[in-house]
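So the chains spell out like this:
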Amino acid sequence: MSNTTPITMKDIARELGVSVATVSRALKDSSRISQSQRERIKQYAQEHHFTPNYVAETLRHSRVRPQKIIGVIIPQFAHFYFASVLSGIEEEASARGYTIMVAQSDEKYDREVRICKSFYEHKVCGIIVSQAKDTQHYEHFQQLLDMGVPLVFYDRICTGVNASRVVVDDYMGAFNAVTHLINTGCRRIAFYGSPMTLEISKNRYNGYRDALLHQGLQPREDWIRVCDNRADAEAITPAILQQEEIPDAFFAVNDDTAIGILYTAKRMGYRVPDDISICGFTNGYRAIACDPMLTTVEQRGVTVGEEAANILISQVEGTLPANHVEKRVVRTRLIIRGTTR
């Protein structure tokens, strides 16, 4: 085990050749486990600094009310979508008598691991998280589940961990947006997306690709770029718009990226949407602060946050079984404005 990651019941069970249930009972001093076995397990746990977290179980089975605090991990505070999700979480949590403890991973795996450890040590009753961009190892999430901490993913889900999640319909959102571009006469459509290690990136790319194929069009590899922020969009778009053949539309993974494309196209003398159509994905405040206003896919972040908090609290309070994996999908809708024909 690394210094940043606490030992789990599963680790103890594996090392001692017993079941997780046996470890749990021994640590609770259950008479169902022999005295020698209990002492052996307790000694190992003490030597390896194991500290069990039974907050969720206490909420379900005890009249004693422990602190009702939910840990929330967001990738970036500055992103409109994550801020709206946080608003939804707080609203639902507050209505049900819970408070939230919020931390930013800043898209860094190591920081995400430390936050999970800190939340566990602070005895939160559950954690709601959207994983960082560079997270590719998921032991810290699995260990939380093994230690009895309810976990709910939102937006960026972790397919390597069997936990509850709330997502928007990324595939259909992208499919409908690109279909709209095609229906308005666009045929050469570029795609700017996040790294394909993220499930949302795969889903939005697949929606983009399938919309093209459905209309008998082929994606062009040189117009498919990893680009998910305004600065990068402004950096890479000029070269694409200086080619002999240029896209007549761009579909971007988020609004900031789309606005970077819009700014660059206008600066280079292109008319939007007459020469180039642009569609984003978020529907944040910036979508109506640009000229022309941005066509975009609305993600409904507040609803995502409310659903995530609802699932977590239901698991903490026992109205949803602790081992039940709840999967909810929030529908998107296309908001048509001035950047498309």
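Residues numbered from 1 in each chain as written. Predicted model: local features only at pLDDT ≥ 70, side-chain atom pairs only at ≥ 80, totals over all residues. Heavy atoms only, no water.

S.K.: What is the right way to read the overall build of the chain from this model?
M.R.: Secondary structure summary: the chain contains twelve helices and twelve strands in total. Projecting the C-alpha coordinates of the chain onto the three principal axes gives extents of approximately 80 × 40 × 30 Å. Within the span of the chain, comprising 341 residues, buried residues form 52% of the whole. Of the contacts formed within the chain by residues at least 6 apart in sequence, a portion of 72% connects residues at least 24 apart. (Helix = DSSP H or I, 4+ residues; strand = E, 2+ residues; numbered from the N terminus. Buried < 20%, exposed > 50% of the residue type's maximum accessible area, 1.4 Å probe, protein only. Contact = heavy atoms within 4.5 Å.)

S.K.: Sorry, what's going on with the environment of aspartate 110 here?
M.R.: Within the secondary structure, aspartate 110 sits in helix H6 (residues 109-121). Once the C-alpha coordinates of aspartate 110 and isoleucine 33 are considered, the two residues, 77 residues apart in sequence, prove to be 38 Å apart.

S.K.: For this particular structure, what's the right way to read the sheet that holds strand S1 (residues 69-74)?
M.R.: Where strands meet in a sheet, backbone hydrogen bonds hold them as pairs that are either parallel or antiparallel. The strand order across the open sheet built from six strands is S2-S1-S3-S4-S5-S11, with neighbouring strands paired in parallel fashion. At either end of the open sheet lies a strand with only one pairing partner, and these are strand S2 (99-104) and strand S11 (327-330). Geometrically, the sheet is characterised by an average inter-axis angle of 15° between neighbouring strands, direction not taken into account. In this structure, strand S5 (residues 164-168) lies alongside S11, joined through four bridges in parallel fashion. Among the inter-strand pairings, valine 167 is bridged to a residue of S11, identified as valine 329. (Pairing = 2+ DSSP bridges. Axes fitted to C-alpha atoms, helices over the stretch in contact; angles between N-to-C directions.)

S.K.: It is not clear to me how the pattern of salt bridges should be interpreted in this structure. Could you clarify?
M.R.: Proximity of charged atoms lets side chains of opposite charge pair with each other. Summed over the entire model, instances satisfying the criterion amount to 22 salt bridges. In this structure, arginine 333 engages glutamate 298 in a salt bridge whose closest nitrogen and oxygen atoms are separated by 2.5 Å. Here glutamate 298 lies in strand S10 (residues 295-298) and arginine 333 lies in strand S12 (residues 333-335), a separation of 35 residues in the sequence. Ionic contacts of the salt-bridge type, sharing partners, join the residues Asp29, Arg38 and Lys42 into one network. (Salt bridge = Lys/Arg side-chain N within 4 Å of Asp/Glu carboxyl O.)

S.K.: Would you mind showing me how to read the state of the cysteines here?
M.R.: What we call a disulfide is simply a covalent bond connecting the sulfur atoms of a pair of cysteines. Inspection of the entire model under this criterion finds zero disulfides. Considering cysteine sulfurs only, cysteine 186 is the nearest to cysteine 279, which forms no disulfide, with 10 Å between them. The class for cysteine 279 is buried, based on a relative accessible area of 1%. There is no disulfide at cysteine 290, and the cysteine sulfur nearest it, in cysteine 279, is 12 Å away. Given a relative accessible area of 15%, cysteine 290 falls into the buried group. (Disulfide = S-S within 2.5 Å.)

S.K.: Would you explain the environment of alanine 289 in this entry?
M.R.: Along the chain, alanine 289 falls in the loop between strand S9 (277-282) and S10. Along the chain, alanine 289 and isoleucine 259 lie 30 residues apart, while their C-alpha atoms are 9.9 Å from each other.

S.K.: For this particular structure, what's the right way to read the pairing of strand S6 (residues 189-193)?
M.R.: When a strand is regular, its side chains alternate between the sheet's two faces. Along S6, five of the five residues are buried, which leaves the element largely enclosed by surrounding structure. Along S6, one buried face is formed by Ile189, Phe191 and Gly193 and the opposite face, lined by Ala190 and Tyr192, is buried too. Note that S6 and strand S8 (residues 249-252) share four bridges and pair parallel. By the bridge assignment for S8, alanine 190 is matched with phenylalanine 250. Pairing geometry for S6 and strand S7 (residues 224-226), over three bridges, is parallel. Looking at S7, one finds that tyrosine 192 is bridged to arginine 225. One crossover worth recording links S6 to the parallel S7 by way of helix H9 (residues 199-214), and it is right-handed. (Right-handed = clockwise from strand over helix to strand, strands pointing away.)

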